[in-house]
Amino acid sequence: MSGRRIVVTSGKGGVGKTTTTANLGAALAKRGRKVALVDADIGLRNLDLVLGVEKRIVFDLVEVVEGRCQIRQALIRDKRIENLWILPAAQTRDKDSITEAQFLRLTTDLAEFHDFVIIDCPAGIEHGFRNAVAGSQEAIVVTTPEVSAIRDADRVIGKIHERKMPMRLVINRIRPDMVKSGEMMSVEDVCEILSAELLGIVPDDEEVIDTTNRGEPIVLDSTKRLAAIYDKMARRLEGEIVEFTRLEEPSLFNRIIAGWRG
Amino acid sequence: MWQRPPHMALLRGTSQGLQITIATGEFHDSVAELAETLQAQPDFYRGSLAHLVFRSTAPSVEEFQQIRGMLDQSGITVEGMLGDESVESLALELELEYLGSAPPINIEDLQKRRGTRLERQALSEGARSLTADFAGARSDLAARRTTPVVPLTQATTLYYRGTVRSGQVLRQLGNIVVVGDVNPGAELIASGDIVVFGTLRGQAHAGAQGDTAARVTAIELSPTQLRIATLIAAGEQTATRSKHRDGGEEARIEENRIVVVPIVRGVS
Amino acid sequence: MHDAQRETQDAAPRETSVAASPTVPRGHAIVITSGKGGVGKTTTTANVGAALAARGAKVALVDADVGLRNLDIVLGLESRVRYHLLDVIEGKVSLEDALIRDKRSPNMSLLAASQTREKDDVDTNKMRALIEQLRESFDWVLIDCPAGIEAGFRNAVVGAQSAIVVCTPEVSSVRDADRVVGLLPQSLEPKLIVNRIRPHLVRRGKMLSVEDVNAILRLPLLGIVADEPEVVMATNRGEPIALDQRSQTGASYRSIAARIVGENVPVERPRMGFFARISALFGGR
Amino acid sequence: MFDFFSRLFKRDGSSATAKERLRLVLLSDHLSLSPDTVEALKRDLIEVISRYVKVDVGLCDVSFEQQAATVAMHANIPILGMQNERPAVPPPVYAKAESRSGGNSMHTSTGERPYLDDLHTASASSATATLSEEAIIGIEEANADSLNAAEQEAANSKRAHTNAPSNAGS
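Worth saying up front: this structure is predicted, and the values here are computed from it rather than measured.

Undergrad: So, the overall build of chain A: which residues are in play, and what are the values?
TA: Tallying secondary structure elements over chain A gives 12 helices and eight strands in all. A total of 262 residues make up chain A; the buried ones form 67% of that total. Here the analysis covers contacts within chain A between residues at least 6 apart in sequence; of these, 76% occur between residues at least 24 apart. Counting only carbon and sulfur atoms, one obtains 46% of the accessible surface of chain A, whose full area is about 8,900 Å².

Undergrad: So what's going on with the interface of chain A and chain C? Residues and values would help.
TA: It is common to report an interface's size as the accessible area lost on association of the parts. Counting residues at the interface gives 44 residues for chain A, matched by 48 residues for chain C. Interface area for chain A against chain C, summed over the two sides, is near 4,100 Å², with a carbon-plus-sulfur share of 53%. Of all residues in chain A, Leu 44, Arg 151 and Glu 206 of chain A give up the largest surface area on contact with chain C, accounting jointly for 17% of the area buried on that side. In this assembly, chain A and chain C are joined by 10 salt bridges. Among the ionic pairs, Glu 126 of chain A bridges to Lys 119 of chain C, the shortest N-O distance being 2.9 Å. Tallied by class, residues from the side of chain A that touches chain C come to 12 nonpolar, 12 polar and 20 charged.

Undergrad: Any chance you could break down the packing of aromatic side chains for me, citing the residues and the numbers?
TA: Under the counting rule described, the total for this entry stands at one aromatic pair over all chains. Centre to centre, the rings of Phe 54 of chain B and Phe 64 of chain B are 6.4 Å apart; their planes meet at 55°, and the pair counts as tilted. Taken together, the residues span a long stretch of sequence, with Phe 54 of chain B in strand S3 (residues 49-54) and Phe 64 of chain B in helix H2 (residues 61-73) at a distance of 10 residues. Taking relative accessible area as the criterion, Phe 54 of chain B reaches 2% and is therefore assigned buried. Stacked on the ring of Phe 244 of chain A, the Lys or Arg Arg 236 of chain A has its end atom at 3.9 Å from the ring centre.

Undergrad: Please give an account of the sheet that holds strand S3 (residues 100-101) of chain C that cites residues and values.
TA: All names here are of chain C. The strand order S3-S4-S2-S5-S1-S6-S7-S8 describes an open sheet built from eight strands, whose pairing is mixed. What marks the edges here is a single partner per strand, and that holds for S3 and strand S8 (221-226). In the sheet, strand S1 (residues 28-33) pairs with strand S6 (residues 162-167) via four bridges, with the strands oriented parallel. Its bridge partner lying in S6, Thr 33 is registered against Val 165. In the packing of helix H12 (residues 248-260) onto the sheet, contacts are made with S1, strand S5 (140-144), S6, strand S7 (191-197) and S8, and the angle to S8 comes to roughly 170°.

Undergrad: Could you give me a rundown of unusual backbone geometry, with the residues and numbers involved?
TA: Positive phi outside glycine occurs at Ser 195 of chain A, with the angle close to 35°. Relative to the helices and strands, Ser 195 of chain A is located in the loop between helix H9 (187-194) and strand S8 (198-203). For Ala 229 of chain B, which is not a glycine, the phi torsion comes out positive at approximately 50°. Along the chain, the position of Ala 229 of chain B falls in the loop between strand S14 (225-228) and strand S15 (231-234).

Undergrad: An account of the sheet that holds strand S5 (residues 116-120) of chain A is requested, with residue identities and associated values reported.
TA: Strand-to-strand pairing in sheets goes through backbone hydrogen bonds, with the strands running parallel or antiparallel. All names here are of chain A. With mixed pairing, eight strands are arranged side by side in an open sheet as S3-S4-S2-S5-S1-S6-S7-S8. The open sheet has two edge strands, strand S3 (76-77) and S8, and neither has a second partner. Lying on the sheet, helix H1 (residues 17-30) is in contact with strand S1 (4-9), strand S2 (35-39), strand S4 (84-87), S5, strand S6 (138-143) and strand S7 (167-174); it crosses S5 at an angle near 165°. Helix H5 (residues 100-112) rests against S1, S2, S4 and S5 of the sheet, and its axis sits at about 145° to S5.

Undergrad: Give me H1 of chain A: which residues, what numbers.
TA: All names here are of chain A. Here H1 contains 14 residues, and its C-alpha end-to-end distance of 20 Å stays within 8% of the 20 Å for a straight helix at 1.5 Å per residue. In terms of burial, H1 is largely enclosed, as 13 of its 14 residues are buried. Looking one or two residues beyond H1, the residue adopting positive phi is Gly 32, at roughly 95°.

Undergrad: Give a detailed account of the pattern of salt bridges, specifying residues and quantitative values.
TA: A full pass over the atoms with the stated rule returns 52 salt bridges over all chains. A single network of salt bridges, built from pairs that share partners, joins Arg 31, Arg 33, Asp 231, Arg 235, Glu 238 and Glu 240 of chain A.

Undergrad: Summarise the nonpolar core; cite the residues concerned and give the values.
TA: Core analysis: the largest hydrophobic core is formed by 61 residues, its most contacted members being Leu 61 and Leu 87 of chain A. The dominant element in this core, judged by the number of residues it contributes, is helix H7 (residues 147-162) of chain A, at six residues. Leu 86, Val 158, Val 180 and Leu 217 of chain C belong to the second largest nonpolar core, which has 51 residues in total.

Undergrad: Account for the environment of Leu 198 of chain A, naming residues and giving values.
TA: All names here are of chain A. If you trace the backbone, Leu 198 turns up in strand S8. Spatially, the C-alpha atom of Leu 198 lies 9.3 Å from that of Val 187, the residues being 11 residues apart in sequence. Those residues in contact with Leu 198, other than ones at most four positions away along the chain, are Leu 169, Ile 171, Val 187, Cys 191 and Phe 244.

Undergrad: Describe the confidence of the model for chain D, listing the residues and the values that go with them.
TA: All names here are of chain D. Chain-level pLDDT for chain D is 55 on average; 31% of the residues reach the 70-or-more range. Across chain D, the secondary-structure element scoring lowest on mean pLDDT is strand S6 (residues 137-139), at 34, and the one scoring highest is strand S1 (residues 53-55), at 82. Throughout residues 1-11 the model reports pLDDT below 50, and contacts reaching past four residues in sequence, or to other chains, amount to 22 contacts. Low pLDDT, under 50, characterises residues 96-170; the stretch is placed with 116 contacts to residues that sit more than four places away or in other chains. Scored as a whole, the predicted complex attains pTM 0.69, and scored at its interfaces, ipTM 0.69.

Undergrad: Can you lay out the packing of H1 of chain A against helix H11 (residues 225-237) of chain A for me, pointing to particular residues and giving the numbers?
TA: Residues and elements named next belong to chain A. Axis separation between H1 and H11 bottoms out at 8 Å; the angle between their running directions is 75°. When the axis of H1 is compared with that of H11, the two are roughly perpendicular. Along the contact surface, H1 presents Thr 19, Thr 20, Asn 23, Leu 24, Ala 27 and Leu 28, while H11 presents Tyr 230, Asp 231, Met 233, Ala 234 and Leu 237. The residue inventory of the contact of H1 with H11, partitioned by class, reads seven nonpolar, three polar and one charged.

Undergrad: Outline the pairing of strand S16 (residues 249-254) of chain B, supporting the account with residue identities and numerical values.
TA: Residue and element names in this part refer to chain B. Here S16 lies mainly inside the structure; five of its six residues are buried. Note that strand S13 (residues 216-221) and S16 share three bridges and pair antiparallel. Bridging from a neighbouring strand, Thr 217 pairs with Glu 250 of S16. Of the strand pairs in this sheet, S16 and strand S17 (residues 257-262) are connected by six bridges, and their pairing is antiparallel. Directly across from Ala 251, in S17, lies its bridge partner Val 260. Hairpin connection, S16 to S17: the antiparallel pair is bridged by two residues, and Glu 255 has positive phi, about 55°.

Definitions and limits used
Residues numbered from 1 in each chain as written. Chains lettered and ligands numbered in written order. Predicted model: local features only at pLDDT ≥ 70, side-chain atom pairs only at ≥ 80, totals over all residues. Heavy atoms only, no water. Helix = DSSP H or I, 4+ residues; strand = E, 2+ residues; numbered from the N terminus. Buried < 20%, exposed > 50% of the residue type's maximum accessible area, 1.4 Å probe, protein only. Contact = heavy atoms within 4.5 Å. Areas by Shrake-Rupley, 256 points an atom, 1.4 Å probe, with all protein chains shown as cover. Buried area = accessible area lost by both parts, 1.4 Å probe. Salt bridge = Lys/Arg side-chain N within 4 Å of Asp/Glu carboxyl O. Nonpolar A, V, L, I, M, F, W, Y, C, P; charged D, E, K, R; others polar. Phe/Tyr/Trp six-rings, centres within 6.5 Å; stacked < 30°, edge-to-face > 60°. Lys NZ or Arg CZ within 6 Å of the ring centre and 35° of its normal. Pairing = 2+ DSSP bridges. Axes fitted to C-alpha atoms, helices over the stretch in contact; angles between N-to-C directions. Expected span 1.5 Å × (residues − 1). Core = buried A, V, L, I, M, F, W, Y, C linked by side-chain atoms within 4.5 Å. pLDDT = per-residue confidence, 0-100. Parallel < 35°, antiparallel > 145°, perpendicular 65-115°, else oblique.

Right under this line is the structure:
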């Protein structure tokens, strides 16, 4: 068995790579797939925090690569979601600690006993990025509808195309009310500029801040609207054709006006 | 858990890893008991390497795979096995390491030891046990000791004033004293004791070369992880804890696990 | 002749700047850093720079994010970028040729990063010399540091005399900020800006408070900036919000600038912002 | 607050601006992203220009720059002299100037062609050509704010002119 190796990247930091990795991984695991999430941000690891496993780290990715422990020992099983495993990055080392070849070896090893190996790529396009990309076969580019994020995403897409890897786009933190009032670029705008196939659209949701603080992926609570969105994303990733969720809830703007008058 | 009848299947940690003994008698009972033990603490042994000891003749390949599958589920990797010639041929067939004949084990001794543990289990009133989650890693921590143990008389103390921040590591053959906070993501590693005059939020490893008498003391102890000698404990959710305990808290090994107790003046 | 010309060019602005900020005899370089990406380093650099320039100081903004530059976009100067930091470092063009003067704030100039190169291409010693050179002609040199703690970070920090750490009230941001503070030389005396605070979420206990953040970081607080949609709009347009006198977020940046030049202005708490107003109208969610 | 809403009401919100800015900046990013293409273009350009003038191939430089509404190409091609076999080309109109580096002054005026060897010893003067998307080679006009010290010098020194006017930067 050999699972799919997918890198989640963006160029710019803080657009939601780690949140996307955690939630997409959790959504796939909830669908019964065996999923390994790999934090490639050596020195600035965060995937462990988002998933709330930071206290359970004994070994990390660098120690696996250096042969100081086995992969199975470093993998942390998520206690809430069956089939979800996390391989944390080292915090006290830096990205030059491992090579592209070592990273490739690591992810191929993981792919032997997981259906999906999802790699959380660090920001930037340097060594850490090259490692993460070297270990994957396909890519998910996360961006937000902001000029700088899109420009960096474009740069990264260029790099991915050079490697002839299939790529799909996730647009994060859309605020439908701002799109409506013309203050934020729409999904169509972003897709047009980046000319990429869409994997998911995620609205900006304050819940994410809260769940991240608590170390719980939002897909755990299936009543949350984002849970459904990540589930659809997971299904699309597996090749299903799923309609995109319409984000046009009663707009913030209309609600203000209504509230103002009422 | 301790009041059970003599073990058909026995799990114990050694310096080489986990040793699982399948006693003589009905194979299925042993397996059932092993399953029960694993079920009781599903994550306890996760990540460990195990040697299987067969006291009777080796099981069939199918039977063995049944055990192995069960251990796999609990995150235990079978590395090798011990037993008679039939076990050796089984090991050969499965390309596992054969480690010789089964060591003599005195079950009565073991029960006696456990009995005394029961009696001594009562801890001081405020004692708080941290959930041990890393049994499997213990042996590896022991194996990590590459440098020889420095006698305490030669060990020195590292004094550090200021905040130890994420990503920073203080290592010392001897004791570490920090006047300031130790933040999440920071690591203190000492062959002796660790004392933090401040909040310990990061990771601390006292007695890193195997000194089980080592302690970790801090004014506020809310580490992401504590390690003493070869034991590891994860911090509990800090929410339930009273924030300011006068005089601070101390973590030490009692009953082969890490416990945290408030420091009471005149005691300890 | 070239050098002589530069000296005469430099002399004049330096005199005026000394008059504007008497506390600074020579240019001072500040690195703006955070560890984690996307917490608002570039927005902070642009706005603090614009606010300092609006006070009459001469300001140079340096984009150290080689390969993923964005400061030009946030300032709306992307159409005028012709030469880059690396061109200067490699001696292809002079520093004067590479600096882009901002038409709206004539006191402010940008040195853009090159988009087609990578951070490892930058020579650390030359970077230090470049910042040194900028300090001769500018009162303030603000260096926009890239995310991460690798070569790009080291190069951005090397010429600075002080540091501003930008952090958002999220666990991951706090941890990365802490990592960066640990890596910064002590002499830089880092100060903290807590960015993207949403007061209503803090009040409901759904977001870390400024105090929570600083319980870990323990840094002198330089400012608090609220999370407001107008920041996105300003970036869309390429206009620093610090120049918008009506904006509250702009006022936050202006008061940060005041504190940087040494004025004794208390750090003000952001009032209920846009998000809070909606929340109040609908009784919260 | 009302002010804020009045800004919200505007239909031509900032997203349209953002999109247009991005389109341009990405175009310019992409152009500078493929060194191979730039090399090929440079080769072709030099080949064409070499039919008319002698150029210093080693010092040729081609770069792209985003202007107000377009992306422009800048070709910096040092001219060494005219091609010998093409004396019939009308002499370019030279600005009154001195060469940039000391000593060898190079006095030229309309109708007077300098002796080639002299030109070789003089420092090469720069010709700056702007190529818009429609591929018109033109003179870069002295744009007040894009013209910095070096360009001033270049403008003061001799320029090689091609025929079409620039459509960029004005």
